[in-house]
Amino acid sequence: MKIKYFIGICLSVLIFASCEDYLDKSPEMGLTGDQVYSDYVTFKGTVDRAVGLLHNYVYDPYDYGGEVGTFSDECQLARPTGIGSAILTSINTGNWENYRNAGMRWDMGIGEVATGGSTNDEWAYRHHYREVHAEAAVGIRAVNVALQNMDKLQSFPEGSVYSPEELKAQLKGQCYFLRAWFYFMIIRDYGGMPNMQKAYSSDEDFDVVRPTYQMSSYWATQDLDSAIVYLPQDWSDSPNDIGRATITTAKALKSMVQLYAASPNYNIPLNESLGFSGDAMSKFNTAMADTALNSCIDAIKSAEDPFTRYTMYDATTYLQNFHQRAAEGKGLSNEAIFQPYIRFTGGGNIAGAGMYLPSWDANQGWANFSVPTHNAVDWFETADGWEVGDNWHLGVGDAEDNSTVWSRTDPYANRDPRLKKFIFCHGDNMYNGSRDGNLDNSAINKDRQGLPPVLGADNPNGAHYTYEVNQGWNHTGFYHAGKYRWSGNNNANRTNGYGRIFPFIRMAQLYLDFAELANELYGPQGGVPNNSSSVGNAVDAIDRVRERVGMPKVRPEYYASKEIFREYIRKERARELFYEQHRWWDLKRWRTAHVELAKGIWVADISEANGTYTFGKKQSGYPRVFDNRHYWYPFHTDEMNLFKNFEQNPGW
């Protein structure tokens, strides 16, 4: 089921074929179209097939999407050869033209079915190389067909707590919401695209002049306005549906879509993008930002409504955002306003593999894996709220000058608690206990290549440093910790009964979005007109995110001006949303990727002599090449050769 010569807009006959093949795997197999769409149960099955196309970056070992973090400066690909190595040779080097590999291929798979189910299993039908844009295109087609056939729906289940009108409205709302999300996934990377708000026929002429990004964004918000009309406030009357999109979900996505539309990169015309060299913030769209801020306030009010299940986890329950035991929450993060469906693992190693688990762990780890960079580690402040800075290793920075709890002689201690929740650093015991107190220490030592549980990143004697350097791998000195990985988890142990969660939008993001927009429009402490939410101003919003994990309020030095606080907000996003696949797109929408990535990728540089460690950092040798043309993904030349009017993205 591979999509060939696909240019995103097309939904051409080749896409139609792929989409219909996909829908043939759904519960309505063997039924005619009229039968499928006349009955609520089978109609809902077609919508659920589209739900299954939401790209879950952390679900199973057949999803290669988790490498997106290695495109930016937050993570580094560990193994320079084999699966995923094209990231190093193409993505990181800027050689994107005619690239068809991880992150930019329009594929729905190579016909391999994931462990754990047959091809008829709703959630096991997942494939190697199944990528975001292809799923989005097929998803758009699926919901368009559903909306087109909505009038055929006549038969509804008896005894439902909802009326037939309410059941139909729920389906409509989900379709509108899903179409907006899928369309956003495409335009975010490729720019303005033709309107996809209908099921096209095979004789449609797609050789058209491309609309602007702003026009495409408007079409997405149209769908979200429709979703808000039809979706329920919550699904408490239907427990099996809890986790589906709600009014709050649609409002949150609307705010996110408009935030992107206000951001600098999305306001530079394509014909100016390649040569643009001015102040990126001069392109910030204040009118759209005002609209986005109002939408964000509306989303926050909706999320904070006591009748919803949404809440901010505290410091003790924080990691339930990313993984849960079945008894803890059925795989639903109550902070996640939008997340893809997950299924708890009852056996096998599905929960034990992923781009965040090292290959040496359990001797069967992911064929390639990502590791945090020192760039990312440096984002996390000291425990008393001072920025460590990029030059801490040279004795320069706010922490060096002001912190009473931090020292360069032990730089990873006494930091923002999120650092150790997310990232294992030198000296950390990576297998220290388990969440249920039932960790078998002999089991976790199994097949670990003889490496000790305590991370040794020092050169030349550190066990993990020595092992990975001898393998020819990229050793940064860090490994992923609590996001998507629980204590004692590797590919062989502690894999069953857990659900790994990938939140698309969390309540914390709403506060971060509010802060970004409010700061640009009204400054750090300026009041927001007509603000009926619980958040007073930009600083207040950031404090909400920080204080719940035990960090102090933002120091006044960091909100002395709009410009200073802008940089601080961006770092807070990088901290809170680490490895949730926001960093790459944040850098691009701010039009700062060429600046930030030019700073290089930094790794730990630790030495030991007579039991005394000296901590520093150094360049990795794997830089990122990024210039103006990389702000938009290129279409493949095979596709562009089919068209005369449809424009290639600039520089390709």
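Preceding block: the structure.
The notes below deal with the structure included here. All residue numbers here refer to positions counted from 1 along the written sequence of the relevant chain. Given that the model is predicted, a residue must reach a pLDDT of at least 70 before its local features are reported, and side-chain atom pairs must reach 80 or more before they are shown or counted; all residues, however, enter totals for whole chains, interfaces and linings. To get the side-chain values, all heavy atoms of the structure are used, and hydrogens and water are removed first.

As for empty space enclosed by the protein
So, step 1. Think of a 1 Å grid over the protein atoms and nothing else: a 1.4 Å probe that fits but is trapped marks a cavity, an open set flanked by protein within 12 Å on at least five of seven lines marks a pocket, and residues with an atom within 4 Å of a point count as lining. Grid points are joined across faces, edges and corners, and a volume is the space filled by probe spheres set on the points. All chains considered together, the criterion is met by eleven cavities of 30 Å³ or more.
So, step 2. Reported here for the largest cavity is a volume of approximately 160 Å³.
So, step 3. Lining the largest cavity we find 18 residues, and of these Tyr57, Trp181, Met185, Arg188 and Phe504 sit closest to its centre.
So, step 4. Runs of H or I in DSSP of at least four residues are treated as helices and runs of E of at least two as strands, each being numbered from the N terminus. At the level of secondary structure, the elements contributing two or more residues to the lining of the largest cavity comprise helix 5 (132-148), helix 6 (164-190) and helix 8 (247-262).
So, step 5. Looking at which element gives the most residues to the lining of the largest cavity, the answer is helix 6, with four residues.
So, step 6. Charged residues are taken to be Asp, Glu, Lys and Arg, nonpolar residues to be Ala, Val, Leu, Ile, Met, Phe, Trp, Tyr, Cys and Pro, and polar residues to be all remaining types, Gly included. Along the lines of polarity and charge, the residues of the lining of the largest cavity split into 13 nonpolar, three polar and two charged.

A short note on helix 17 (residues 507-522)
So, step 1. Take the number of residues in a helix, subtract one, and multiply by 1.5 Å to get its expected span. With 16 residues, helix 17 ought to run about 22 Å at 1.5 Å a step, and its terminal C-alpha atoms sit 22 Å apart, in line with that.
So, step 2. The element helix 17 is extensively covered by neighbouring structure, given that 14 of its 16 residues are classed as buried.
So, step 3. At the exit of helix 17 stands Gly523, carrying a positive phi of roughly 85°. Residue burial is assigned from relative accessible area. The probe radius is 1.4 Å, only protein chains are included, and a residue is buried under 20% of its type maximum, exposed over 50%, and partly exposed in between.

Remarks on the pairing of strand 11 (residues 612-619)
A regular strand carries its side chains on alternate faces of the sheet.
So, step 1. In this scheme, strands are said to pair when DSSP sees at least two bridges between them. When strand 10 (residues 602-609) meets strand 11, the two strands line up antiparallel, connected through eight bridges. Bridge pairing in strand 11 places Ser607 opposite Thr614.
So, step 2. Hairpin geometry of strand 10 and strand 11 is characterised by an intervening segment of two residues between the two adjacent antiparallel strands and by a positive phi of about 55° at Asn610.

A closer look at the layout of surface pockets
Empty pockets left among the atoms are what a rolling probe the size of a water molecule brings to light.
So, step 1. Space inside the second largest pocket adds up to approximately 560 Å³.
So, step 2. If you trace the second largest pocket, you find 27 residues lining it, with Trp379, Asp390, Lys571, Glu596 and Lys599 closest to the centre.
So, step 3. When residues of the lining of the second largest pocket are traced back to their parent elements, those giving at least two are helix 12 (374-379), helix 19 (562-576) and helix 20 (583-589).
So, step 4. When residues of the lining of the second largest pocket are assigned to their parent elements, the largest contribution, six residues, is made by helix 19.
So, step 5. When grouped by side-chain class, the residues that make up the lining of the second largest pocket number eight nonpolar, six polar and 13 charged.

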